[in-house]
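Descriptive structure summary
Single-letter residue listing:
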Amino acid sequence: MNITLESIGLSQEALANRVVEKLVEGLTTSLDYDEEGGEFRGASPFARKLNDMVKARLDALVNEMGEKHVLPRVTEMVENMVLQETNRWGEKVGQPVTFIEYMTQRADAWLREDVDFQGNTKDASGWSSFRKSGTRVQYMIDQHLQYTVRTAMENAVKNANQSIVGGLKQAVSIALDEVAAKLKVEVKTK
């Protein structure tokens, strides 16, 4: 008597599916135990690494598609967006401006805003204690210049100190050598 897969109720395809399922289960799950000794199945290190790799690949594909399809569309929308100022009743006031023009105007206004000697605006420092020192761009330039001059001066003083210390060390060494040459020590015994 010849025993075949069909005689026991299995087809080759069903057997192949069972083998593949068992292999996948063995690779992707691991048997772990809790504090009380109870068994539970969790993701295996292989499954975790596989999930990480799949996630990384999907993230890369999403970023690639976003850069290819979404970013150009968003850029186009931003560049073509027109903003219109309105009053509190929703009536149009002033001229419509593109988003780029609006951002340029806001940046210009921010740079030209009056600040005190600490770079604070009227709102930040309080109206009663505010004393205008200049515009924000003037303050930023002043701070940069102060930093640059301070750094240059600190480096110059450091270099000068190193030169002075080196010169003093050399002068003291020469003077000690001269004194040692002039001193004559005699030891006499009786």
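From a predicted model like this one, the values you see are computed outputs, not experimental measurements.

**Re the pattern of salt bridges**
As enumerated under the stated definition, the model contains five salt bridges in all. Between R73 and E76 there is a salt bridge, with its nearest N and O atoms 3.3 Å apart. Of this pair, R73 and E76 both sit in helix α2 (residues 45-80), three residues apart, which is roughly one turn of that helix. The class of R73 is partly exposed, set by a relative accessible area of 46%. In this structure E76 comes out as partly exposed when scored by relative accessible area, which is 40%. Between R136 and E113 there is a salt bridge whose closest N-O contact spans 3.0 Å. Placement of the pair is R136 in helix α5 (residues 136-182) and E113 in the loop between α3 (99-112) and β5 (114-115), with a sequence separation of 23 residues.

**Quick word on a nonpolar patch on the surface**
On the surface, L27, F46, L50, V54, L58 and L61 cluster together into a nonpolar patch covering about 500 Å² of accessible area. By residue number, the principal contributor to the nonpolar patch is α2, which donates five residues. By the element assignment, V54 lies in helix α2. We classify V54 as partly exposed; its relative accessible area is 41%.

**A closer look at the confidence of the model for the chain**
On average, residues of the chain score 87 in pLDDT, and 96% of them are at 70 or above. Confidence scores differ between elements of the chain, with helix α4 (residues 122-125) showing the lowest mean pLDDT of 79 and α2 the highest of 92.

**Observations concerning α2**
Residues spaced three or four apart along an α-helix face the same direction, because each turn holds 3.6 residues. Its 36 residues place the ends of α2 50 Å apart at the C-alpha level, agreeing with the 52 Å of an ideal helix rising 1.5 Å per residue. Maximum bend of α2: about 45°, positioned at E67.

**Regarding the environment of V24**
Within the secondary structure layout, V24 lies in helix α1 (residues 12-28). Sequence separation between V24 and A47 is 23 residues, and the spatial gap between their C-alpha atoms is 9.6 Å.

Reading guide: rules and limits
- The written sequence of each chain sets the order in which its residues are numbered from 1.
- The predicted nature of this model means local features are confined to residues of pLDDT at least 70 and side-chain atom pairs, given and counted, to a pLDDT of 80 or more, with totals for whole chains, interfaces and linings taken over all residues.
- Processing note: side-chain calculations cover all non-hydrogen atoms of the structure and skip hydrogens and water entirely.
- Put simply, a salt bridge is a Lys or Arg side-chain nitrogen that is within 4 Å of an Asp or Glu carboxyl oxygen.
- Secondary structure elements are defined from DSSP: runs of H or I of at least 4 residues count as helices, runs of E of at least 2 residues count as strands, and each element is numbered from the N terminus.
- Three labels apply to residues, based on accessible area from a 1.4 Å probe with only protein chains included: buried if under 20% of the type maximum, exposed if over 50%, partly exposed otherwise in between.
- Distance thresholds for patches are 9 Å for like charges and 5 Å for nonpolar side chains (Val, Leu, Ile, Met, Phe, Trp, Tyr), applied to residues having over 30% relative accessible area and no salt bridge.
- Exposure was quantified through the Shrake-Rupley algorithm and a 1.4 Å probe, taking into account, for residues, occlusion by the shown protein chains and nothing else.
- Confidence scores here are pLDDT values: one per residue, from the predictor, ranging 0 to 100.
- To estimate how far a helix should reach, multiply one less than its number of residues by 1.5 Å.
- Here the bend at a residue means the angle between the axes of two seven-residue stretches, the one that ends at it and the one that starts at it.

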